[in-house]
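A look at the structure
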Amino acid sequence: MTKSTHAPLAPMPPERLLELDNVGVHFPTRDGLVRAVNGVSYHVNRGEVLGIVGESGSGKSVTARSIMRLQPKTALDASGTIRFRRASGEEVLISAQDRQSRTMRQLRGGEIGMVFQEPMTALSPVHTIGTQIIRTVMLHRKVSKAEARAQAIALLTRVQMPRPNDIVDRFPHHLSGGMRQRAMIALALACDPALLIADEPTTALDVTTEAQILELLKSLQQELNMAIVFITHNFGVVADIADRVAVMYLGRVVETGTVDEIFYEPKHPYTQALLQSIPRLGKSHGRRLRTISGMVPDPYNVPTGCSFHPRCLHGVRGVCDVKTPEDVVFASGQRARCHFAGEVAISEAAQ
Amino acid sequence: MLGYIVRRLMWAIPTLAFVSFISFVIIQLPPGDFVTAYVAQLRNGGEYITDMQEALLREDYGLNDPLLVQYWRWISNILFYGDFGRSLEWNAPVSELIWERLALTLVLSTISLVFTWIIAIPVGVYSATRQYSAFDYIFTVFGFLGKGIPDFLLALILMWVAFIWMNLDVGGLVSPQFEGKPWDFDKIVNMLSHIWIPLVVLATGGAAGLIRVMRANMLDELRKPYVETAYAQGFGERTVVWRYPVRVALNPFISTVGWALPALFSGDVITAVVLNLPTTGPLLLQALKMQDMYLAGSFILILSVFTVIGTVLSDILLALSDPRIRFS
Ligand SMILES: Nc1ncnc2c1ncn2[C@@H]1O[C@H](COP(=O)(O)OP(=O)(O)O)[C@@H](O)[C@H]1O
Ligand code: SF4
Ligand SMILES: [Mg+2]
């Protein structure tokens, strides 16, 4: 980290909505310091969908909560900056904001919406769907209760909720998982946010419902031209929805690029390994799925050098286990954090 | 909702019939009866009573009739004439003996319950949202002390403090000179100087336990995803905490309001005895010792009615507050 927090930051390019630079979030625990997020950089432009992929525990959720300034209370902001461009055009340095600051409370729900993984428990069990949406609308907009209610019904219609006039007065326990996730999305979209953070929004759903919710998010994204940070551990889902992808491993972004670059020309051995571990139609005849060898290291003992080296098929002893790799930037803008990025190509033919 | 309430009330009727019968039987279970106890007391006092006289007494009181007949005599008078029978020991109508005490107990219990809630809920919520803070530790200690010190001991200490340091005369509900006088301003003032001790005793004991429960419930609820959702909607901390998790964490309390009622009628017996309060507890204790069956039976019946009403009441409140319960 070379940047002092006091140095003026160069303004973000005009199309930029969100920018994370070298964000570090650590947890002091009884067993040692957990560097859950260890220098994450990514950005999202207006109207763009960024997919964040990585195995569970790689720091996706903690990073996302830092954008909302809702990280667990024990978390330490170790490094980096998070910036967001408000609807007014001004930049907010979110990382310098207080958890409960006025600005953050305006941003949350007002300009940044969030959808969570657990539709069964993420809605208040003691309030109707309508009440929850109406309260959010009235918090951020100067509207009457009747107007807010009309808006709630319009939102439910927009997320293709069946019988929105009826559902608005229902409690979450009357709804199926898929319907709850639709309600959750309606809630997140209550005030037309420029950015939607969706943290594994379909992980808890069955495959059919998952496809429906993905379809819904895609159409809403185009209709409203909002940006989405779509977090998942499932590469297949990302291919469906994202424009660009960031791959995370042990608290770092190890590779970023467009969907095509990531899927057809992955430059990082971890991305390559992840891709080979997903089943793909038409290509799997007689082929055994490769799984990544070894286990995700526990967060207290992150390997030295490149943290992927104990599991990497291309690691070079004396280099990878000693030196931490920097981002290698390619002409297209694709980036990979590997000493040998681009030199190790997967050969689909060999599969 | 209405159907739910009616259904609950319908169920209360067989419950009450059953409870009244069982309690009547249980009162008669110990060997001997009221006459045995009464005669023993007289003989202890030096009087001479023949077995013949004892048998006549028993016949007079109708104690030789079969149990069912006795039960029916008692319950039918209550149902048809509102007559709870006579207390054998006090030789007075039961209703005369108990209503004033019931009213006082009800007032005392309600006030202490309200105090308990007013103290315990904010403290429990604050302890949970500031877990491991100095505030939290102080009230944890208070909680253990409050639970650990028996009520009667606290009552004795407070009486001693009030008597020695504050020059108040203690014990009873009013000072002797007001006993039996009609209620006027002076008597009410005098009562207030007495009533704070039982209130403090009852409220601390209750609050201590309640704080721990509220804190634990809140800690559970604060971890739930819907709390994070509420923050992510842009609400401030106070709004989030009081509107969402507190609502849910209160439900276990609401479901026990009903039990608080009878518990307060009977649970404060020792405190009431120590403080010499004319509440129901000491009277019931005495009635049971003497096998004064109509008095004891009526008492237990009234307590049961309160329990059943309380339970129905808290079920209804719970259904109103927690939509997941409704109609199921
Ligand atoms: N409150 C916390 N205290 C300590 N460690 C935590 C806490 N929350 C998350 N972590 C750690 O941070 C790491 C990243 O977690 P997370 O961001 O939830 O992963 P992901 O969302 O990618 O599955 C995990 O190793 C986890 O153990
Ligand atoms: S730096 Fe070495 S160990 Fe790390 S991914 Fe690249 S080749 Fe593998
Ligand atoms: Mg996660």
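Residues numbered from 1 in each chain as written. Chains lettered and ligands numbered in written order. Predicted model: local features only at pLDDT ≥ 70, side-chain atom pairs only at ≥ 80, totals over all residues. Heavy atoms only, no water.

Topic: the overall build of chain B
Within chain B, the secondary structure is distributed over 16 helices and two strands. Counting only C-alpha atoms, chain B reaches 85 × 55 × 40 Å along its principal axes. Taken across its 328 residues, chain B has 45% of its residues classed as buried. Surface exposure of chain B reaches about 17100 Å², of which carbon and sulfur atoms provide 70%. The averaged location of the 25 negative side-chain charges in chain B is 13 Å from the averaged location of its 21 positive side-chain charges. (Helix = DSSP H or I, 4+ residues; strand = E, 2+ residues; numbered from the N terminus. Buried < 20%, exposed > 50% of the residue type's maximum accessible area, 1.4 Å probe, protein only. Areas by Shrake-Rupley, 256 points an atom, 1.4 Å probe, with all protein chains shown as cover. Lys, Arg positive; Asp, Glu negative; His and termini not counted. Charge placed at Lys NZ, Arg CZ, Asp CG, Glu CD.)

A look at the packing of aromatic side chains
Taken as a whole and assessed by the stated rule, the structure comprises 15 aromatic pairs over all chains. Relative to Phe80(B), the ring of Trp72(B) has its centre 6.4 Å away and its plane inclined at 75°; by these criteria the two rings are edge-to-face. Each ring, one from Phe139(B) and one from Phe142(B), has its centre 5.9 Å from the other, and the planes form 70°; the classification is edge-to-face. Of this pair, Phe139(B) and Phe142(B) both sit in helix H6 (residues 134–148), separated by three residues, roughly a single helical turn. A relative accessible area of 27% places Phe142(B) in the partly exposed class. Three or more aromatic residues link up through ring pairs in this structure, and these residues are Phe21(B), Phe24(B), Tyr71(B) and Trp74(B). Just above the ring of Phe330(A) sits the side chain of Lys267(A); from NZ or CZ to the centre is 4.9 Å. (Phe/Tyr/Trp six-rings, centres within 6.5 Å; stacked < 30°, edge-to-face > 60°. Lys NZ or Arg CZ within 6 Å of the ring centre and 35° of its normal.)

Overview of the site of ligand 1
Residue and element names in this part refer to chain A. Ligand 1 sits among Phe27, Ala36, Glu55, Ser56, Gly57, Ser58, Gly59, Lys60, Ser61, Val62, Pro72 and Pro299. Within the backbone of glycine 57, an N or O atom sits 2.7 Å from an oxygen atom of ligand 1. Here an oxygen atom of ligand 1 and a backbone polar atom of lysine 60 are 2.9 Å apart. Considering every element that reaches the shell around ligand 1, the biggest residue donor is helix H1 (residues 60–68), with three residues. Here the residues of the shell around ligand 1 sort into five nonpolar, five polar and two charged. (Near = heavy atom within 4 Å. Polar contact = N/O pair within 3.5 Å; in protein donor to acceptor, adjacent residues only side chain to side chain. Nonpolar A, V, L, I, M, F, W, Y, C, P; charged D, E, K, R; others polar.)

Focus: H6(B)
Residue and element names in this part refer to chain B. An ideal rise of 1.5 Å per residue puts 21 Å on 15 residues; H6 measures up with 21 Å between its terminal C-alpha atoms. Every buried residue of H6 is listed here: Asp136, Thr140, Gly143 and Gly146. Viewed along the axis of H6, the buried residues span an arc of 135°, placing them on a single side of the element. Seen from the open side of H6, the exposed residues pointing more than 90 degrees away from its buried face are Ala134, Ile138, Val141 and Gly148. (Expected span 1.5 Å × (residues − 1). Arc of directions from axis to C-beta.)

Comments concerning the confidence of the model for chain B
Residues and elements named next belong to chain B. Per-chain confidence: chain B averages 81 in pLDDT, with 95% of residues scoring 70 or above. Summarising per-element confidence for chain B, the mean pLDDT is lowest in helix H13 (residues 257–267) (64) and highest in helix H9 (residues 225–232) (95). Reported confidence for the predicted complex is 0.90 by ipTM and 0.81 by pTM. (pLDDT = per-residue confidence, 0-100.)

Concerning the packing of helix H5 (residues 94–129) of chain B against helix H8 (residues 185–222) of chain B
Residue and element names in this part refer to chain B. The interhelical angle for the contact between H5 and H8, taken along N-to-C directions, is 35°, at an axis separation of 6 Å. With respect to the hand of their crossing, H5 and H8 are arranged in right-handed fashion. Grouping the amino acids of the contact of H5 with H8 by side-chain chemistry returns 22 nonpolar, six polar and one charged. (Axes fitted to C-alpha atoms, helices over the stretch in contact; angles between N-to-C directions. Left-handed = near helix turned anticlockwise from the far one by under 90°.)

Quick look at the pattern of salt bridges
Opposite charge on two side chains lets them pair, provided their charged atoms get close. Residues and elements named next belong to chain A. Evaluation of the coordinates by the stated rule reveals 29 salt bridges over all chains. Its salt-bridge partner being aspartate 169, residue arginine 149 comes within 3.0 Å of it at the nearest N-O pair. With arginine 149 in helix H4 (residues 145–158) and aspartate 169 in the loop between helix H5 (164–167) and helix H6 (177–188), this pair connects stretches of sequence that are 20 residues apart. Judged by relative accessible area, aspartate 169 falls into the partly exposed class, the value being 42%. Salt-bridge contacts for arginine 158 lead to aspartate 192; the nearest nitrogen and oxygen are separated by 3.9 Å. With a gap of 34 residues between them, arginine 158 in helix H4 and aspartate 192 in the loop between H6 and strand E7 (195–199) connect regions that are remote in the sequence. For aspartate 192, a relative accessible area of 49% translates into the label partly exposed. By sharing partners, the salt bridges in this structure join Arg16, Glu19, Arg83 and Glu91 into a single network. (Salt bridge = Lys/Arg side-chain N within 4 Å of Asp/Glu carboxyl O.)

Some thoughts on the packing of helix H3 (residues 129–140) of chain A against H6(A)
Residue and element names in this part refer to chain A. One way to put it is that H3 packs onto H6 with a least axis distance of 9 Å and a crossing angle of 15°. Relative to H6, the element H3 lies roughly parallel. In this structure, H3 crosses over H6, and the sense of that crossing is right-handed. Mapping the contact onto sequence places Ile129, Gln132, Ile133 and Thr136 in H3 and Ala183, Ala186 and Leu187 in H6. Its residues assigned to classes, the contact of H3 with H6 comprises five nonpolar, two polar and no charged. (Parallel < 35°, antiparallel > 145°, perpendicular 65-115°, else oblique. Contact = heavy atoms within 4.5 Å.)

Some points on the site of ligand 2
In the vicinity of ligand 2, the residues found are His268(A), Pro269(A), Cys306(A), Phe308(A), His309(A), Cys312(A), His314(A), Gly315(A), Cys320(A), Cys338(A), His339(A) and Phe340(A). Looking at side-chain class alone, the shell around ligand 2 contains seven nonpolar, five polar and no charged residues.

Digging into the environment of Leu113(B)
Residues and elements named next belong to chain B. Looking at the secondary structure, you find leucine 113 in helix H5. By relative accessible area, which is 23% here, leucine 113 ends up partly exposed. Taking the C-alpha atoms as reference, leucine 113 lies 28 Å from glutamate 237; in sequence the two are 124 residues apart.

What about the sheet that holds strand E9 (residues 244–249) of chain A?
Residue and element names in this part refer to chain A. Judged by pairing direction, the sheet is mixed, and its eight strands sit side by side in the order E6-E7-E8-E3-E9-E10-E12-E11 without closing on themselves. Because the sheet does not close on itself, it has two edges, and the strands there are strand E6 (112–115) and strand E11 (327–329). Across the sheet, the mean angle separating the axes of adjacent strands is 20° when strand polarity is ignored. Strand direction decides the pairing type here: strand E3 (residues 49–53) and E9, joined by four bridges, are parallel. Bridge pairing in E9 links leucine 50 to arginine 244. (Pairing = 2+ DSSP bridges.)

Looking at the environment of Val273(B)
Here Val273(B) is to be found in helix H14 (residues 269–275). Sequence-wise, Val273(B) and Gly172(B) are 101 residues apart; in three dimensions their C-alpha atoms are separated by 9.4 Å.

Side note on the side chain of Ser76(B)
Residues and elements named next belong to chain B. Along the chain, serine 76 turns up in helix H4 (residues 67–81). For serine 76, a relative accessible area of 10% translates into the label buried. Within the structure, serine 76 has its side chain in polar contact with the backbone oxygen of arginine 73 (distance 3.3 Å).

A word on the sheet that holds strand E1 (residues 16–29) of chain A
Residue and element names in this part refer to chain A. The strand order E2-E1-E4-E5 describes an open sheet built from four strands, whose pairing is antiparallel. Every interior strand has two partners, whereas the edge strands, strand E2 (32–45) and strand E5 (91–93), have only one. Strand-to-strand twist of the sheet, defined as the mean angle between neighbouring strand axes without regard to direction, takes the value 10°. When E1 meets E2, the two strands line up antiparallel, connected through 10 bridges. Residue pairing for E2: arginine 16 is matched across the bridge by asparagine 45.

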